[in-house]
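Listed below, chain by chain, are the residues.
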Amino acid sequence: MTNSRCNTALCLLLGFGVLVLAATSWAQQRPPIVEKLAKTYGLDSFGQIEAIRYTWSAQFPGVDVSRTWTWEPKTGQVTYEGKDKDGKPVKVTYVRSQLSSQPANVKDEIDPGFINDNYWLTLPFHIYWDTSATVQDAGMQKLPLGKGSAQKVVVKYPSNVGYTPGDTWTLYIGTDGRIEEFRYDRGGPKKPSVVIATWAGYKTAGPLLFSTEHRGTADGKPLHLWFSNVAVKMTGSSTWMDAK
């Protein structure tokens, strides 16, 4: 995947979405927590998913943005509803395998935003799919925000892959197999450099589990990031199943 330019507000936290949205063969032996984590969030049923829709919203000093997506994992089709870099309403549908034929705003602004927002929503699956990332199980460690401890898992991406190479995600996983908190360290010079936030507001949509509420800090300033209107459509069905 080539690097891409994007508008600051539109791609607000771009560093969080780094790799392709597809499963690949195992490139290395990784700790058992990788598969266990993905299974907790519904990996075994992901092949039954026809589409996922959601609205990603984020607020921190100087930024207040929302983007609505519908993603069809089997075909790679993406529909975006939101605003362009000039604040004008826009709706566009494209297939990610045909991204090179799309206009500049899709390649440079909309698709990087999709990668970012989708990574937030389906992070446990991406850790399982993105086999170029190295994963270390560091055992029980103190939570960065809350009280108590959780299993610390460090996920580091290589310096030559994705929109923002070299990113590191440090996850804190509870005894129920769910992420409780995380720390993000950006691999490049763009801001924010460090994000620490909760992983809460758990809901299920069909067979999948989603975290819809994240509060914490971005470079020390208050951050609120959340998902709304989350729903999934199963293969062979025309009915959306809302997250509850």
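For the structure, check the block above.
Residues numbered from 1 in each chain as written. Predicted model: local features only at pLDDT ≥ 70, side-chain atom pairs only at ≥ 80, totals over all residues. Heavy atoms only, no water.

Draft legend 1. Structural view of the pattern of salt bridges. Under the defined criterion, the tally for this structure stands at seven salt bridges. Residues Glu35 and Lys39 are paired through a salt bridge, measuring 3.7 Å at the closest nitrogen-oxygen approach. Remark: Lys39 and Glu35 occur in helix H1 (residues 33-40); sequence separation between them is four residues, near one turn of the helix. Judged by relative accessible area, Glu35 falls into the partly exposed class, the value being 36%. One salt bridge connects Asp117 with Arg67, and the closest N-O pair in it is separated by 2.7 Å. One end of the pair, Asp117, is in helix H2 (residues 104-121); the other, Arg67, is in strand S2 (residues 63-72), with 50 residues separating them in the sequence. The burial state of Asp117 is the same as that of Arg67; both residues are buried. Via salt bridges that share partners, Glu35, Lys39 and Asp44 belong to a single interconnected network. (Salt bridge = Lys/Arg side-chain N within 4 Å of Asp/Glu carboxyl O. Helix = DSSP H or I, 4+ residues; strand = E, 2+ residues; numbered from the N terminus. Buried < 20%, exposed > 50% of the residue type's maximum accessible area, 1.4 Å probe, protein only.)

Draft legend 2. Examining the nonpolar core more closely. Counting residues in each nonpolar core, the largest one holds 60 residues, and the members touching the most others are Ile52, Ile127, Val155, Trp169, Leu171 and Phe182. Per-element tally for this core: the top contributor is H2, with seven residues. When near neighbours in sequence (up to four residues on either side) are disregarded, Ile52 contacts Phe46, Trp69, Thr70, Trp71, Leu121, Leu208, Phe210, Ala231, Val232 and Trp240. (Core = buried A, V, L, I, M, F, W, Y, C linked by side-chain atoms within 4.5 Å. Contact = heavy atoms within 4.5 Å.)

Draft legend 3. Focus on the side chain of Arg186. Checked against the element boundaries, Arg186 lands in the loop between strand S8 (179-185) and strand S9 (194-198). Look at Arg186: it is buried, it has no salt bridge, and the nearest opposite charge is Asp167 at 5.5 Å. One polar contact links the side chain of Arg186 to the main-chain carbonyl oxygen of Lys191, over a distance of 3.4 Å. (Lys, Arg positive; Asp, Glu negative; His and termini not counted. Polar contact = N/O pair within 3.5 Å; in protein donor to acceptor, adjacent residues only side chain to side chain.)

Draft legend 4. A look at the environment of Lys107. Among the secondary structure elements, Lys107 is positioned in helix H2. Spatially, the C-alpha atom of Lys107 lies 9.5 Å from that of Arg96, the residues being 11 residues apart in sequence.

Draft legend 5. Main features of H1. Those residues of H1 that sit buried are Ile33, Val34, Leu37 and Ala38. Down the axis of H1, the sector holding all buried residues measures 130 degrees, keeping them to one side. Tucked inside the fold, the buried residues of H1 contact helix H3 (123-129), strand S5 (134-142), strand S6 (149-156), strand S7 (168-173) and S8. Immediately beyond the C-terminal end of H1, within one or two residues, lies Gly42, with a positive phi of roughly 110 degrees. (Arc of directions from axis to C-beta.)

Draft legend 6. A look at unusual backbone geometry. A cis geometry characterises the amide bond from Lys191 onward to Pro192, with omega recorded as -5 degrees. Relative to the helices and strands, Pro192 is located in the loop between S8 and S9. Residue Asp219 is not a glycine yet carries a positive backbone phi of 50 degrees. Its place among the elements puts Asp219 in the loop between strand S11 (208-218) and strand S12 (221-234). The exposure class of Asp219 is partly exposed, given its relative accessible area of 36%.

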